[in-house]
Amino acid sequence: WAIKNRKEIHPFVAFSLFRAKCEEFGIDLDKYSIKNGKLIKKQIPKPYIWFDVDLMNKTLYHVHHIDFHNSYPAGLVNTHPEFRPVVEYFYYNSDKHPEYKAVLNYTIGMMQSLNVKAVNARWAHLSRDAIKDNNDRIDKLSEAIVIAGGRVIGNNTDGIWYIGDVYHGKGEGPKLGQWENDHVNCMLRAKSHGAYEFVENGKYSAVVR
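Residues numbered from 1 in each chain as written. Predicted model: local features only at pLDDT ≥ 70, side-chain atom pairs only at ≥ 80, totals over all residues. Heavy atoms only, no water.

1. Quick word on the packing of helix H1 (residues 11-24) against helix H4 (residues 84-92)
Selection criterion: Between N-to-C directions, angles span 0 to 180 degrees; the directions come from axes that are lines fitted to C-alpha atoms, helices contributing only their stretch in contact. Secondary structure elements are defined from DSSP: runs of H or I of at least 4 residues count as helices, runs of E of at least 2 residues count as strands, and each element is numbered from the N terminus. To sort the angles, those under 35 degrees are grouped as roughly parallel, those over 145 as roughly antiparallel, those from 65 to 115 as roughly perpendicular, and the leftovers as oblique. Left-handed describes a crossing whose near helix is turned anticlockwise from the far helix through less than a right angle; right-handed describes the clockwise counterpart. Whether two residues are in contact is decided by their heavy atoms: any pair within 4.5 Å suffices. For this scheme, ten residues count as nonpolar: Ala, Val, Leu, Ile, Met, Phe, Trp, Tyr, Cys and Pro. Four count as charged, namely Asp, Glu, Lys and Arg, and the remainder, Gly too, count as polar.
Where H1 contacts H4, the two axes come as close as 9 Å, and the packing angle between them is 125°. As far as their axial angle goes, H4 and H1 are oblique. For the pair H1 and H4, the sense of crossing is right-handed. For the pair H1 and H4, contact is made by Leu17, Phe18, Lys21 and Cys22 and by Val86, Val87, Tyr89 and Phe90, respectively. Split by residue class, the contact of H1 with H4 holds seven nonpolar, no polar and one charged.

Put into structure tokens, the structure is as follows:
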């Protein structure tokens, strides 16, 4: 594919790389193909993108963020374990091959795509299962943070913004599907559910979704 040094590749190319690797590991994606993908696509839960409206446009301090490592692909592995070797191959080799991050980022979305004729949402059920698993883990971890005395103030797909003591607990680590506190003790202000800015260790960052 002549993309060894590229971090961004076309979503369909990313999915094609994933499919080719599946074949190498003895997985025939065509056997998972469904004909009612358009209908199944309607069952896919919405991404968790929200912020506490009571705290919008306010400057908040000592805010932390938890991130799940490649959470959607991890959700595919959790619900369909046969895909673990494939997903882990891309995950653990992404440092040497930056394009592998794009493979993992795009594949779950491509599985439900109606815009690409060759796909036509034929694997929408796999996408649905992966995203639902992600959302379930976000819910469980959010509950654990609250039980520990923290306050969850927002979600950004596979991440959690919260206030309180820095949380540590079950599932924390560097592996696929585990989570870590990737931002701690931040000053944060949100303009909307998908637009916010924060400062960490003097470094400013802005996010707009």
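2. Some remarks on the environment of tyrosine 92
Mapping tyrosine 92 onto the fold places it in helix H4. For tyrosine 92 and valine 146, which are 54 residues apart along the polypeptide, the C-alpha to C-alpha distance reads 32 Å. With near-sequence residues (within four places) excluded, tyrosine 92 lies in contact with Lys175 and Leu176.

3. Brief notes about the pairing of strand E6 (residues 195-200)
It is a general feature of regular strands that their side chains alternate between the two faces of the sheet. Selection criterion: We call two strands paired when DSSP finds no fewer than two bridges between them.
Pairing analysis gives five bridges linking strand E5 (residues 179-192) to E6, with the strands arranged antiparallel. Among the inter-strand pairings, arginine 189 is bridged to a residue of E6, identified as glutamate 197. Joining the antiparallel neighbours E5 and E6 is a turn of two residues.

4. Brief notes about the pattern of salt bridges
Counted only if it meets this: For this document, the term salt bridge refers to a Lys or Arg side-chain nitrogen within 4 Å of an Asp or Glu carboxyl oxygen. Throughout this description, buried means an accessible area under 20% of the type-specific maximum (1.4 Å probe, protein chains only), exposed means over 50%, and partly exposed covers the range between.
Within this structure, the stated rule accounts for nine salt bridges. Here glutamate 88 ties to arginine 84 by a salt bridge, and the two come within 2.9 Å at their closest N and O atoms. Of this pair, glutamate 88 and arginine 84 are both found in helix H4, four residues apart, which corresponds to roughly one turn of the helix. Judged by relative accessible area, which is 35%, arginine 84 ranks as partly exposed. Connected through salt bridges with shared partners, the residues Arg19, Asp30 and Arg122 form a single ionic network.

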